[in-house]
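Commentary on secondary and tertiary structure
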Amino acid sequence: MTTPGFPTLSDERAARLRGYGREDRVAAGDVLFRAGDPGYDFIYLDSAAVEIIREASGDAPAAVVTRIEPGRFVGELNLLTGQAPFLTALAGRSASTRLRPILAYSDAIRATIFTGAYPDEHGYWMEYCFRPERSPFASLERLRPLDRFPSDFARRGLKFALSKTVVRRIARRAGYEELSLRHFPFRALGSFDWTLRSAMTAPGSLGLPTLFDELTGADVPWSYLDSFKSGRRGVLRAADELPIDTRFAFVYLHPIDMASHLVGIESPLFRSVVRRTDALVAEVLRRIERRLGEHDLVLFSDHGMSSVDRSVSFPDLWVHPAFPEHFCFALDATMVRLWYHDPDPRLRAELRQRVASEAPGRFLGADELASLHLDFDGRLYGDEVYLLDPPAAIFPNFHSMLRPKAMHAYHPDEPDQHGIFVAPPEEEVGETVELVDVHSLCRRLVGVGGNERKLELASYA
Ligand SMILES: [Zn+2]
């Protein structure tokens, strides 16, 4: 018998794993780890079986959540076990595995899930892009003397305030659903544009049809619920009020992502956010079931998270005499991107050296960009990308208002970067699921082009 939900390792991988570990003998009744332990090992069950037990709480007795049979491993879901009883139980009953992200932030990950294609196919990689010919911010470049204001904190605060006021008016006039100055240098404002004018769920917003475009085309009623936009209560209310003929609902819950950036994944506060989000997922699902009846559920976190314990900054780039006339740069929390405006090999070598000496990582070569599906035709996202290695992250960067304590968007081969994926129990899942597989599973379950099943998809981060 095998336990659904916990992936089995192939013989070859199990043999490799044995080479890294040590063998422990256990007796019936031994406790391998408890909820709240500061961390425990990745455990491969050679011949033993393990029961995951939810400990008794004030209002519930102890209960066996799931049993894991020999040939499988535990420790994978250590972030969830104990903090997230609902999810742990769900993962035990269903087909659960790892989800391999792409090298991107959550917006491009969503675009990849929505289209079933990679960034260099659908064309979207970053929220903002280098597009001087139609920058909506050009008029604000006259604020460039403010770049010399000594406090970075004050500059960030000012951009935040401008984004809520002046920039909102610019957005309305120029027809953008959203615009923000983030933390772009004032002197380079005229170089950047917001990549999309409308929300990603709007018709035809990406370079390829999204799942929503397809559903609309097939007359399948769908809904998109987003806790970032409407808050926890808004999502619950929207679940209560879903149109009764809804056949596909995408639920995006942001608190775990936000909390991990703000407080780090080791903090007790983070664990309490996981617990509360776990309860929120259970409640959303209960309400959707009450409203729409039985449905298929696909649940995943779109990426993992690595702790950050080293902050790097690039003060020289912000004040470089050749910037922004001869080159431009963008700082994301895990990447430095460079645009060269003229073929000056000396400047290029100098910039490359400056970037590489400041932070551990590497410039991505053409082959690697192609294998990461980031081989873009134009210059929207940079002529060169320097990718940091965890646990270092860039701050100040163009995006974060506060110093990130944990980050994603490192290389997708980093094990900590993997998300968790839970499919309906009858699905077969391999050791790792790719983002584009999520799209094809959703299409199949919702029956675009025939089949009449309902599907609901919840994303955790
Ligand atoms: Zn994030």
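None of these values were measured; they are calculated from a predicted model.

1. Points about the sheet that holds strand β16 (residues 384-388)
Pairing is antiparallel across the open sheet formed by four strands, whose spatial order is β13-β14-β16-β15. The open sheet is flanked by β13 (327-331) and β15 (361-363), the only strands paired with a single partner. Strand-to-strand twist across the sheet, computed as the mean angle between neighbouring axes with direction ignored, equals 15°. In terms of strand pairing, β15 meets β16 through three bridges, oriented antiparallel. Directly across from Gly 361, in β16, lies its bridge partner Leu 388. The sheet strands contacting helix α12 (residues 345-358) are β13, β14 (335-340), β15 and β16, and the helix crosses β14 at an angle near 175°.

2. Observations regarding helix α8 (residues 227-240)
Helix length check: α8, at 14 residues, gives a terminal C-alpha distance of 14 Å against a target of 20 Å (1.5 Å per residue), a shortfall beyond 12%. If you look at α8, its biggest bend is around 80°, right at Arg 233. Buried within α8 are the following residues: Ser 227, Val 235, Ala 238 and Ala 239. Against β8 (222-226), β9 (248-252), α9 (255-263) and α10 (268-292) lie the buried residues of α8.

3. Points about the confidence of the model for the chain
Mean pLDDT for the chain: 87, with 85% of residues reaching 70 or above. Note that pLDDT drops below 50 for residues 1-6; the model gives that stretch 22 contacts with residues more than four away or on any other chain.

4. Describing the packing of α8 against α10
Two elements in contact, α8 and α10, have axes separated by 8 Å at closest approach and are oriented at 20°. The orientation of α8 relative to α10 falls into the category roughly parallel. When the axes of α8 and α10 are compared, the crossing they make is right-handed. Contacts between α8 and α10 involve Arg 232, Val 235, Leu 236, Ala 239 and Asp 240 on the former and, on the latter, Leu 280, Glu 283, Val 284, Arg 287, Ile 288 and Arg 291. The class makeup of the residues in the contact of α8 with α10 is six nonpolar, no polar and five charged.

5. A few points about unusual backbone geometry
Where the residue is not glycine, phi is negative for most of them; where a peptide bond is considered, it is trans in most cases. Note the cis peptide between Phe 323 and Pro 324, where omega equals 5°. Tracing the sequence through the fold places Pro 324 in the loop between α11 (315-318) and β13. The phi angle at Asp 219 is positive, at roughly 60°, despite the residue not being glycine. Its place among the elements puts Asp 219 in the loop between α7 (211-217) and β8. On the basis of neighbour counts, which here come to 7 C-beta atoms within 10 Å, the residue Asp 219 falls in the exposed class. A positive phi angle, near 65°, is found at Ala 409, a position not held by glycine. Positionally, Ala 409 belongs in the loop between β18 (406-407) and β19 (419-423).

Cut-offs and rules
Residues numbered from 1 in each chain as written. Predicted model: local features only at pLDDT ≥ 70, side-chain atom pairs only at ≥ 80, totals over all residues. Pairing = 2+ DSSP bridges. Helix = DSSP H or I, 4+ residues; strand = E, 2+ residues; numbered from the N terminus. Axes fitted to C-alpha atoms, helices over the stretch in contact; angles between N-to-C directions. Contact = placed C-beta atoms within 7 Å. Expected span 1.5 Å × (residues − 1). Bend = angle between axes of the 7 residues up to and from the residue. Buried ≥ 20, exposed ≤ 12 C-beta atoms within 10 Å, placed from the backbone. pLDDT = per-residue confidence, 0-100. Parallel < 35°, antiparallel > 145°, perpendicular 65-115°, else oblique. Left-handed = near helix turned anticlockwise from the far one by under 90°. Nonpolar A, V, L, I, M, F, W, Y, C, P; charged D, E, K, R; others polar.

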